[in-house]
Amino acid sequence: MLIKSIILGIVQGLTEFLPVSSSGHLVLVEHFLKTTADNNLTFEVFLHLGSLLAVLIFFRKDILELLKSLVYYKDPGYKDNRKIVLWLMIGTIITGIIGVKFNDLFESLFSNPLLVACMLSITGLILFFSDKIKKKGVNLPEMGWKRAAIIGLGQSIAITPGISRSGTTIAFSLFTGLQRSQAARFSFLLSIPAILGANLKEFSNFKALDSGLFLDYILGFLAAFISGYLVIGFLLKIINAAKLKIFSYYCWSISVITIILLLLGF
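A quick note: this is a predicted structure, and the numbers were derived from the prediction, not measured. (Residues numbered from 1 in each chain as written. Predicted model: local features only at pLDDT ≥ 70, side-chain atom pairs only at ≥ 80, totals over all residues. Heavy atoms only, no water.)

1. Overview of the pattern of salt bridges
Pairing is possible between side chains of opposite charge, provided their charged atoms come close.
Line of reasoning, step 1. Taken as a whole, this structure holds three salt bridges when the rule is applied.
Line of reasoning, step 2. Where Lys-68 meets Glu-65, a salt bridge forms, and the shortest distance between an N and an O atom there is 3.6 Å. Taken together, the positions of Lys-68 and Glu-65, both in helix H4 (residues 60-71) and three residues apart, correspond to about one turn of that helix.
Line of reasoning, step 3. Take Lys-68: its relative accessible area is 28%, and that puts it in the partly exposed class.
Line of reasoning, step 4. You can call Glu-65 partly exposed: its relative accessible area is 31%.
Line of reasoning, step 5. Among the salt bridges present, the one from Asp-131 reaches Arg-180, with a minimum N-O distance of 3.9 Å. Placement of Asp-131 in the loop between helix H7 (113-130) and helix H8 (144-157) and of Arg-180 in helix H10 (residues 180-201) is noted, with a sequence separation of 49 residues between them. We note that Asp-131, like Arg-180, is buried. (Salt bridge = Lys/Arg side-chain N within 4 Å of Asp/Glu carboxyl O. Helix = DSSP H or I, 4+ residues; strand = E, 2+ residues; numbered from the N terminus. Buried < 20%, exposed > 50% of the residue type's maximum accessible area, 1.4 Å probe, protein only.)

2. A closer look at the packing of H7 against helix H13 (residues 245-263)
Line of reasoning, step 1. The N-to-C vectors of H7 and H13 enclose an angle of 160°; their axes lie 8 Å apart at closest approach. Taken together, the axis directions place H7 and H13 in an arrangement best described as roughly antiparallel. In this structure, H7 crosses over H13, and the sense of that crossing is left-handed. Between H7 and H13, the contacting residues are Pro-113, Leu-114, Ala-117, Cys-118, Leu-120, Ser-121, Thr-123, Gly-124, Leu-125, Leu-127 and Phe-128 on the first element and Lys-245, Phe-247, Ser-248, Tyr-249, Cys-251, Trp-252, Ile-254, Ser-255, Thr-258, Ile-259 and Leu-262 on the second. (Axes fitted to C-alpha atoms, helices over the stretch in contact; angles between N-to-C directions. Parallel < 35°, antiparallel > 145°, perpendicular 65-115°, else oblique. Left-handed = near helix turned anticlockwise from the far one by under 90°. Contact = heavy atoms within 4.5 Å.)

3. Digging into the environment of Pro-193
Line of reasoning, step 1. Looking at the secondary structure, you find Pro-193 in helix H10.
Line of reasoning, step 2. Taking the C-alpha atoms as reference, Pro-193 lies 21 Å from Tyr-78; in sequence the two are 115 residues apart.

4. Quick word on the packing of H8 against helix H9 (residues 165-175)
Line of reasoning, step 1. In contact at an axis separation of 8 Å, H8 and H9 are set at 155° when each is read in the N-to-C sense. With respect to their mutual orientation, H8 and H9 come out roughly antiparallel. The way H8 lies across H9 gives a crossing that is right-handed. Facing Ile-150, Ile-151, Gly-154, Gln-155 and Ile-157 of H8, the residues of H9 in contact are Arg-165, Thr-168, Thr-169, Phe-172 and Ser-173.

This is the structure we're talking about:
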């Protein structure tokens, strides 16, 4: 189980930020590795904590500036950052409402690898067309609540395993007119409360875990953190170069291969 935990952690860290759906990849890897324990979903959420730590460290300066804007709420110099905090709150609220409303539906999808494979093909379409969007110049402080709500809706759709959270939020950001670099930054920052919320929901399950599983969880967490941190900078360069479509080909390939394997009974 230790090796499987490390493998799943690496898969989580790489695919959380690459726009190819971390949850979808975890479902497929767990299916083909035959890890069918009842606490799989709890383990997946714990792996996301490793990804969260990677985001917090990589964007530590941005996060600190946003927090300062709340502390120095009368300082006009932090006005733009306070706006960004507001847009993040709106996007998070939209995601939270839909996530809670359809929680049972979303959780049931994690046991359906065939559906995940089909959703990966949709992720491929989203990424492919996102590169077709002409460059626009909207910065984060000027994005407004409507754009924030649309991006939050995109993130809520991506709760579905196989639909990439980063890919969908970046694509929705581009569709609304955000600059590419700003779209990536907003997507990463928006992931923080989403991952925190998912872990809080599973907190009671963490407390009830068998102590014999702690090492598995820790190794998976560390693997997700290290691989996630290494991939963030790479993805930022890809987004700025408008080359997300290379991941669409990957998603379509994995989708087709998975469907064939499932139909053959694997």
